[in-house]
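Given next are the chains, with one letter for each unit.
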Amino acid sequence: MKVRNYIPNENFTALVCTQNNCNFIRGINGLECPKPCQCLYIFDDLELNIDCSNMGLLQIPPLPIPIYGGVKLNFSNNCLSKLPTMTLPGYKSVTRLDVSRNMLTNLSINHLPAKLDYLDVSFNEIINMDNALIKYLKNVTIFKQSGNQWTIHCDDKPLINFFRHLKLIIRMKSVEVRPMFLHSLTELPKGFLKFLGKHFIWLGVRKQEYYLINEEQLLHSMHRNLNNLTTIMSIYKNMEWLHQKLILVNQEYDLFYIREMAAPCPHKCECCYSRDSLILKIDCSNKFVYNFPDIVARNSLLMGKQNISSPIELHLSKNNISNITIAMLPKELRFLDLRFNNLVTLDDKVLSYVKKNSIETKLSGNPWNCDCKSRSVLSILRDHEPLEYDVTLKRCNISRTDCPDACVCCLDNLKWPSFIVDCRGEGLLQMPELSSRVTYVDLRNNNLTALSQKNRSYFEKRSLKLLLLDNPWSCTCNDIEKVNFMKSVSSSILDFTKIKCSNGEKLVSINEHIVCPSELVYYLALAVSLVATIIALNFLIWFRQPVLVWFYEHGVCLSLAARRELDKDKRFDAFLAFTHKDEPLLEEFVDRLERGEPRFRLCFYLRDWLAGESIPDCIGQSIKDSRRIIVLMTENFMNSTWGRLEFRLALHATSRDRCKRLIVVLYPNVKNFDSLDSELRTYMAFNTYLERSHPNFWNKLIYSMPHTKLR
């Protein structure tokens, strides 16, 4: 009732109104407005608005019921995980329900009021709908679902058809329609904008505070009485642009997100998963699509929950797409159907991306051009869709019989009036067979090594032009005739002056007299080589010993310089024979032979003889246990009885054992050998010895020792 003066009473179910808004006190079911919420009755709309948004609530509280009208419940941006049952007081009376931005994971008809006319479940975690729910939602005038990650299988026809129906509904706020046409959509052609606005007014329906129009009916109305195909197609093109613009300016524009998809499902497309293979299929076939659909992630915040991993099939056949860039292709793309579009070429980066990622591509039915800039496309058509390649060549007046199978034929009117046979990078080993109509061939970047005389007919019967750079041309003496042939037809080779042989030398500078020298030069070089060899052999024979010593010292040609020892089981490498008066000489031999490189094991009486043993026996045993006997031949040694005895025993041992070697080191203070007996004098006269004063003494001594480098 309306009253002039209101006196509050706890038993009254009345409204205190100020103009159109009334403060709600208590419902006819005896419940007051929930304490966390705000209740306001809109008198003109006969609707009770209960605002519980942004409260952090976990569940919907009991609701009051007005005596007249319905209930609008705004429960957005809370922590609701499930809707209440119909037993909740006042819940059945709700006609408009907003539960957006909560944590709902399921939506069931058993939890929705029967008279619901508005439902907003945007930005929850709902992934599917059953058939009963779909049937129910078809009777809900306003249904908002954007922001949920739907799981749609390709055999779930009811859900696919329901989403197709939702996409056909263009929804705007009624108060925004006029400003939108006047200010936000001005980029559309003025004639089309006026034409569109007129049909909007005819077909649009006002529901609540919204303006709704069915796009299918809108297009049918705009096409009516039109006979010009170009005009009809321009309507589709402008409508596609309209949707791209509405996404930005219309806050009521619903986007449809599919699980594991990087961007919303495109407006004209249907997105679903194959139940068996889990492949994401995006079907935009035969939908009058002009622009490649945007399926690459743009809003990282909105798609932050996505874990994109499913392979994608993109079906775009029978449309009007004319341009594709690499930025439009998702990295998960595995199949791309571009048949029967308006493509005349494809960017090389796109083709490289398709090849690198092994994307199966269908390209037939497009008006491909034959320009040589589209060589990559023509090459793919030749290899994978030969019938389409033949049709493309025929459209450009190029006979398939005139085009070698290993090459691509194309047109470049700026370079050549006739068609070009482009064989670049095809790995050719020889020049392909050419018909009489071919006059320009690009053979760069192949594996050609020569042009033979059998190719001469190509140059005699026509004005043939060739490009031959970046081939491994052979320029040896065996190929000199072929090189000369190339020089003879150099006027037909456009890049002849830049061609290089496989050895890096320019082919134009190849001289037959240098590459193939005369027989006189050959025999002269042979004679010089023979003389040099003889001189080298004589040098080695004359200086054999110093050379072998140097080889052994530096570890060079050890198989030649070193000797293998036959008495490896001996205890010592050398027995050092000297007199007690020459003990100071011992230190340098121990230092150089036992501590240097290579190292040897020496035997000498000061260290290795046992006390109390017979000296002759010790001498004999030491000689027996050693592979070499080194005699330090000094004046003291020759005057020593024991020294001469050691010399004689060593001499007898070497005469019996061919493996032993006596090394006599002659010191400078020895003037002659008169103090020795005849046998020892004879040995010194007829055998070599090492002079201690020689500058290369140590190298010679080490070479005379056992060759440890071969151990």
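Only a predicted model underlies this, so the values are computations on that prediction, with no experimental measurement involved.

Colleague: How should I be thinking about the pairing of strand β23 (residues 572-577) in this particular structure?
Modeller: A regular strand places its side chains on the two faces of the sheet in alternate fashion. With six of its six residues buried, β23 lies for the most part within the structure. For β23 and strand β25 (residues 626-633), the ladder comprises five bridges, and the chain directions are parallel. Bridged to alanine 574 within β25 is arginine 628. Both β23 and strand β24 (residues 602-603) contribute to a ladder of two bridges, which runs parallel.

Colleague: Explain the side chain of threonine 439 here, please?
Modeller: Within the secondary structure, threonine 439 sits in the loop between β20 (416-422) and β21 (440-442). For threonine 439, a relative accessible area of 18% translates into the label buried.

Colleague: Any chance you could explain the sheet that holds strand β26 (residues 661-666) here in plain terms?
Modeller: With respect to topology, five strands assemble into an open sheet ordered β24-β23-β25-β26-β27, the strand pairing being parallel. Each edge of the open sheet is held by one strand with a lone partner, namely β24 and β27 (690-691).

Colleague: Whenever I open this one, the packing of helix α5 (residues 215-223) against helix α6 (residues 229-249) confuses me. Can you help?
Modeller: Each pair of packed helices can be described by the angle between their axes along with the distance between the axes. Taken N-terminus to C-terminus, the directions of α5 and α6 make an angle of 145°; their axes are 10 Å apart at the nearest point. The handedness of the crossing between α5 and α6 comes out as right-handed. Residue-level contacts link Glu215, Leu218, Leu219, Met222 and His223 of α5 to Ile232, Ile235, Tyr236, Met239 and His243 of α6.

Colleague: What is the right way to read helix α7 (residues 348-356) from this model?
Modeller: Structurally, the α-helix is built with 3.6 residues per turn, so residues lying three or four positions apart point the same way. Val350, Leu351, Tyr353 and Val354 are the residues of α7 that are buried. One face of α7 carries all of its buried residues, which in axial projection span an arc of 160°. In α7, the exposed positions that point more than 90 degrees away from the buried face belong to Lys349, Lys355 and Lys356. Structurally, α7 contributes buried residues whose contacts are with β18 (360-362) and α8 (375-384). Backbone nitrogen of lysine 349 and a side-chain oxygen of the N-cap are separated by 2.7 Å at the start of α7; the cap is aspartate 347.

Colleague: Where do I start with the environment of valine 296 in this structure?
Modeller: In this fold, valine 296 is placed in the loop between β15 (280-283) and β16 (312-315). Along the backbone, valine 296 and proline 264 are 32 residues apart, and their C-alpha atoms lie at a distance of 9.0 Å. Other than its neighbours up to four places away in sequence, valine 296 contacts Ala263, Ala327, Met328, Leu329 and Pro330.

Colleague: Just to check I follow, could you spell out the confidence of the model for the chain for this structure?
Modeller: Atomic detail in the predicted coordinates should be set aside for any region of low pLDDT. When pLDDT is averaged along the chain, the result is 84; 89% of the residues meet or exceed 70. Taken element by element, the chain is modelled with least confidence in helix α15 (residues 558-561), mean pLDDT 47, and with most confidence in strand β7 (residues 118-120), mean pLDDT 95. Counting contacts from residues 300-306, a segment whose pLDDT is below 50, to residues more than four positions away or on other chains yields 12 contacts. Contacts of residues 558-562 to residues separated by more than four positions or lying in other chains number 15 contacts, the stretch itself having pLDDT below 50.

Colleague: Quick question: what am I supposed to make of the state of the cysteines here?
Modeller: A complete count under the given rule lists 11 disulfides for this structure. In this model cysteine 265 forms its disulfide with cysteine 271; the gap between the sulfur atoms is 2.0 Å. Here cysteine 265 and cysteine 271 share a disulfide; its torsion about the S-S bond, 90°, makes the bridge right-handed. By the burial criterion, cysteine 265 is buried, and cysteine 271 matches it. At a sulfur-sulfur separation of 1.8 Å, the disulfide partner of cysteine 269 is cysteine 284. On the sign convention where negative is left-handed, the bridge of cysteine 269 and cysteine 284, at about 110° about the S-S bond, is right-handed. Taken as a pair, cysteine 269 in the loop between β13 (257-258) and β14 (270-273) and cysteine 284 in the loop between β15 and β16 lie far apart in primary sequence, 15 residues in all. The two residues cysteine 269 and cysteine 284 agree in class, both being buried.

Colleague: Looking at this model, I keep getting lost on the sheet that holds strand β22 (residues 465-467). Mind explaining?
Modeller: Strands belonging to one sheet form pairs held by backbone hydrogen bonds; the direction of such a pair is parallel or antiparallel. Pairing in this open sheet of four strands is mixed, and the strands run β19-β20-β21-β22 from one edge to the other. Looking at which strands have only one partner, the edges of the open sheet turn out to be β19 (408-412) and β22. Averaged over all neighbouring strand pairs, the angle between strand axes comes to 25°, with direction disregarded. Judged from the two bridges that link them, β20 and β21 form a sheet pairing that is parallel. Opposite valine 421, over in β21, you have valine 441 as the bridge partner. Contacts between α8 and the sheet are confined to β19 and β20, with β19 contributing the most and set at about 150° to the helix.

What counts and how
- Residues numbered from 1 in each chain as written.
- Predicted model: local features only at pLDDT ≥ 70, side-chain atom pairs only at ≥ 80, totals over all residues.
- Heavy atoms only, no water.
- Buried < 20%, exposed > 50% of the residue type's maximum accessible area, 1.4 Å probe, protein only.
- Helix = DSSP H or I, 4+ residues; strand = E, 2+ residues; numbered from the N terminus.
- Pairing = 2+ DSSP bridges.
- Axes fitted to C-alpha atoms, helices over the stretch in contact; angles between N-to-C directions.
- Left-handed = near helix turned anticlockwise from the far one by under 90°.
- Contact = heavy atoms within 4.5 Å.
- Arc of directions from axis to C-beta.
- Polar contact = N/O pair within 3.5 Å; in protein donor to acceptor, adjacent residues only side chain to side chain.
- pLDDT = per-residue confidence, 0-100.
- Disulfide = S-S within 2.5 Å.

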